[in-house]
Amino acid sequence: FFPLGLSGEVKPRVLLMGLRRSGKSSIQKVVFHKMSPNETLFLESTNKICREDVSSSSFVSFQIWDFPGQIDFFDPTFDYEMIFRGTGALIFVIDSQDDYVEALSRLHLTVTRAYKVNPDIHFEVFIHKVDGLSDDHKIEKQGDIRRRASDDLADARLERIHLSFYLTSIYDHSIFEAFSKVVQKLIPQLPTLENLLNIFISNSGIEKAFLFDVVSKIYIATDSSPVDMQTYELCCDMIDVVIDISCIYGLAEEDPAVGSPYDKDSMAIIRLNNTTVVYLKEVTKFLAMVCFLREESFERKGLIDYNFHCFRKAIQEVFDVRVEVQKNRKLLSQRRRSKQATANGVAGNPH
Ligand SMILES: Nc1nc2c(ncn2[C@@H]2O[C@H](COP(=O)(O)OP(=O)(O)OP(=O)(O)O)[C@@H](O)[C@H]2O)c(=O)[nH]1
């Protein structure tokens, strides 16, 4: 269900929908444009659909469509069928600081219409702006929204539609974590990546490992042990430190515009005061591995580095297969197009 781009590349489409001022544009700016959350206060209302390609890494590659809140996208002149047909994930943003009755009915309408067109869409509900709420209040709101949304679906006999819920805010890491989970569902190689990470950590005495897209700080895969928010935040902070230090001290003196602050030599080791070591290493131009391990396991750094070398090679192979598949798809569609053109030519010819 992924549309092919002009280059023949597979680009899943991610739609950002929700009522006006729910925070859609802010989410996109903070996650993909490094805008600081405070600056979003001055964002203008979106008046038309904004399409943007996010292809910062070899694995994270999709098109994000930001919808203006006030648009009536069930207007007959608006081709929603075409839009939903090529959609991988639909993120519906609900402002948790506002009354959400209207948002819920809009969510129901959107989800049911979209499901009819394309039952393969992943429906993701961001209960957003939770920064103003206490922990108890957050859980309570999430429970209430989840209950009402499922009741609405049950009333319409559409229980089979699965909605995933996330508590998000642009003022902390929750929005990055939620986006990571959404994006992961769109990566067909995810089970392979997880498997490789599992093998890597179990053979290296590592407790937890993440594969990060460095630019967006979305983690595209992790091993199968559970993720806690603090660990994820530490990884994000570490990436920031590495990139900042490299920007200041790591660029070529003669011409800092040449080269990137992140390259194949990028790596960092941070020793925390609780006998944990955090180790970051470059995997590809866009990806980094960040892992957590005990100080005593880090004594076998040689072994870890060797295993990492094998891991990196395996990732490269996964990537090569993907490139090969895309090349074949491109060839196939070119062939189909030229066949069609020939057929049309024959049809138009009276001989
Ligand atoms: N407290 C808080 N405010 C937020 C958060 N995210 C966005 N906002 C604020 O919400 C307001 C609306 O954000 P926008 O991103 O413009 O909302 P939108 O959904 O794109 O709005 P339209 O373009 O009108 O559809 C802005 O003032 C943001 O600063 C959040 O996580 N917490």
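See above for the structure.
My aim in this report is to walk through the structure given alongside it, one point at a time. (Residues numbered from 1 in each chain as written. Predicted model: local features only at pLDDT ≥ 70, side-chain atom pairs only at ≥ 80, totals over all residues. Heavy atoms only, no water.)

## A word on the overall build of the protein chain
Counting its secondary structure elements, the protein chain contains nine helices and 11 strands. Looking at the 351 residues of the protein chain, the share that counts as buried comes to 48%. The long-range share in the protein chain, meaning contacts at least 24 apart out of those at least 6 apart in sequence, stands at 67%. (Helix = DSSP H or I, 4+ residues; strand = E, 2+ residues; numbered from the N terminus. Buried < 20%, exposed > 50% of the residue type's maximum accessible area, 1.4 Å probe, protein only. Contact = heavy atoms within 4.5 Å.)

## Focus on the nonpolar core
With 66 residues, the main nonpolar core has F126, F179, F200, L211, F212, M289 and F311 as its most contacted residues. Residue contacts for F126: discarding those within four places in its chain leaves I27, I91, F92, V93, I94, Y166, T168, I175, A178, F179 and V182. In this structure, L19, Y100, L104 and L163 belong to the second largest nonpolar core, which totals 32 residues. (Core = buried A, V, L, I, M, F, W, Y, C linked by side-chain atoms within 4.5 Å.)

## Section: a nonpolar patch on the surface
On the surface, V241, I245, I248 and Y249 cluster together into a nonpolar patch covering about 460 Å² of accessible area. Among the structural elements, Y249 can be located in helix 7 (residues 229-250). (Patch = residues over 30% accessible without salt bridge, like charges linked within 9 Å, V, L, I, M, F, W, Y side chains within 5 Å. Areas by Shrake-Rupley, 256 points an atom, 1.4 Å probe, with all protein chains shown as cover. Salt bridge = Lys/Arg side-chain N within 4 Å of Asp/Glu carboxyl O.)

## Quick look at the side chain of S164
On the secondary structure map, S164 appears in strand 6 (residues 163-167). Accessibility expressed as a relative area gives 12% for S164, which makes it buried. A distance of 3.2 Å separates the side chain of S164 from the side chain of K185, its partner in a polar contact. Among residues more than four places away in sequence, those in contact with S164 are F123, E124, V125 and K185. (Polar contact = N/O pair within 3.5 Å; in protein donor to acceptor, adjacent residues only side chain to side chain.)

## Some details on helix 1 (residues 24-33)
Every α-helical turn comprises 3.6 residues, leaving residues that sit three or four positions apart pointing alike. When you tally the buried positions in helix 1, you get eight out of 10 residues, the bulk of the element. Taken as a whole, helix 1 has its buried residues at K24, S25, S26, I27, Q28, V30, V31 and F32. Count one or two residues on from helix 1 and you reach K34, which has phi positive near 60°.

## Some thoughts on unusual backbone geometry
Both trends apply: most residues other than glycine have a negative phi, and most peptide bonds are in trans. Phi is positive for K129, close to 65°, though the residue is something other than glycine. Mapped onto the elements of the fold, K129 is located in the loop between strand 5 (122-128) and helix 4 (135-155). Despite not being glycine, R157 shows a phi value in the positive range, around 55°. The topology assignment puts R157 in the loop between helix 4 and strand 6.

## Some thoughts on the environment of I239
Within the secondary structure, I239 is located in helix 7. With residues up to four places along the chain from it excluded, the contact list for I239 reads F212, V214, K217 and L280.

## Concerning the packing of aromatic side chains
Evaluated as defined, the whole model comprises 12 aromatic pairs. The interplanar angle of 70° and the centroid separation of 6.3 Å between the aromatic rings of F200 and F308 together place this pair among those described as edge-to-face. In this pair, F200 is assigned in helix 6 (residues 190-204) and F308 in helix 9 (residues 301-348), connecting sequence segments 108 residues apart. Taken together, the ring pairs in this structure connect F32, F126, Y166 and F179 into an aromatic cluster. The ring centre of F176 lies 5.6 Å from the NZ or CZ of K217, which sits over that ring. (Phe/Tyr/Trp six-rings, centres within 6.5 Å; stacked < 30°, edge-to-face > 60°. Lys NZ or Arg CZ within 6 Å of the ring centre and 35° of its normal.)

## A word on the side chain of S174
Within the secondary structure, S174 is located in helix 5 (residues 174-184). A relative accessible area of 9% means that S174 is categorised as buried. Excluding anything up to four places from it in sequence, S174 contacts L167, T168, S169 and M229.

## Concerning the state of the cysteines
Here the structure, examined in full by the defined rule, presents zero disulfides. Sulfur of C291: no disulfide; nearest cysteine sulfur belongs to C235 and is 9.0 Å away. Of the cysteine sulfurs around C310, a residue in no disulfide, the closest is that of C291, at 14 Å. (Disulfide = S-S within 2.5 Å.)

## Thoughts on helix 5
Of all 11 residues that make up helix 5, 10 are buried, and the element is covered over most of its length. Along helix 5, the residues classified as buried are S174, I175, F176, E177, A178, F179, S180, V182, V183 and Q184.

## Quick notes on the pattern of salt bridges
Counted by the stated rule, this structure contains 13 salt bridges. In this structure, the salt-bridge partner of K181 is E177, at a minimum N-O distance of 3.5 Å. On the criterion of helical spacing, the pair formed by K181 and E177 is a turn pair, its members being four residues apart in helix 5. Among the residues examined, K181 registers a relative accessible area of 33% and is labelled partly exposed. For K281, the salt bridge goes to D305, with nearest N and O atoms at 4.0 Å. In this pair, K281 sits in strand 10 (residues 276-282) while D305 sits in helix 9, placing the two residues 24 residues apart along the sequence. The exposure class assigned to K281 is buried, which follows from its relative accessible area of 18%. Using a relative accessible area of 21% as the deciding quantity, one classes D305 as partly exposed. Here the salt bridges do not stand alone but share partners, grouping D144, R147 and R148 into one network.

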